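Observations on the model geometry
Residues per chain, in single letters:
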Amino acid sequence: MNGKKASGPTYTQVFGDWLCDAAAEDLRLTAITPAMCEGSGLVDFSRRFPERYYDVGIAEQHAVTFAAGLACDGVKPVVAIYSTFLQRAYDQLVHDVALQNLDVTFAVDRAGQVGADAPPTLAASTSVSSAAFPIWW
């Protein structure tokens, strides 16, 4: 990194805009986050679609299982989560989502090397661990 700030929108901004656009088109779309509203770009969504926004607190496992339950009922959940925190919900990814082949979208932020972010958010193992789910590729 040369210390210069990149121009243009960030991944987080692009994701937040996309999610709001998609939610305006599809009333089944919901957003779920484990206490990462600002960091995951969900502030605008939470204001525009409060009835479809869920912040489950620092409970990554619950976020994934909750999304699976909603998907079973025909809802289209999008779980916005930092990569390093998603590892806490690995069992739920396997047992509650992947093995049931449920329609849950994961917006995994901060995967890999992310510049000036804090060391705990460096999650280089994300692509390796998610490769175990061949139905996602």
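These remarks concern the structure in this document. (Residues numbered from 1 in each chain as written. Predicted model: local features only at pLDDT ≥ 70, side-chain atom pairs only at ≥ 80, totals over all residues. Heavy atoms only, no water.)

1. Considerations on the nonpolar core
Counting residues in hydrophobic clusters, the biggest one holds 20 residues, and the most contacted among them are Val64, Val79, Val97, Val104 and Phe106. Secondary-structure elements contributing two or more residues to this core are α3 (60-72), β3 (76-82), α4 (83-86) and α5 (90-98). Among residues more than four places away in sequence, those in contact with valine 64 are Leu86, Ala89, Gln92, Leu93, Val97 and Phe106. Ranked by size, the runner-up nonpolar core spans 15 residues in total, among them Leu29, Cys37, Val78 and Ala107. (Core = buried A, V, L, I, M, F, W, Y, C linked by side-chain atoms within 4.5 Å. Buried < 20%, exposed > 50% of the residue type's maximum accessible area, 1.4 Å probe, protein only. Helix = DSSP H or I, 4+ residues; strand = E, 2+ residues; numbered from the N terminus. Contact = heavy atoms within 4.5 Å.)

2. Regarding the pattern of salt bridges
For the coordinates displayed, the defined rule picks out five salt bridges. Close ionic contact of arginine 28 with aspartate 26 constitutes a salt bridge, the shortest N to O distance being 3.2 Å. Arginine 28 gets classed as partly exposed once you look at its relative accessible area, which sits at 44%. For glutamate 60, the salt bridge is made with arginine 88, and the minimal N-O distance between the two is 3.0 Å. In this pair, glutamate 60 sits in helix α3 while arginine 88 sits in the loop between α4 and α5, placing the two residues 28 residues apart along the sequence. Relative accessible area serves as the criterion here: at 3%, glutamate 60 is assigned to the buried category. Each of Asp26, Arg28 and Lys76 takes part in one network of salt bridges that share partners. (Salt bridge = Lys/Arg side-chain N within 4 Å of Asp/Glu carboxyl O.)

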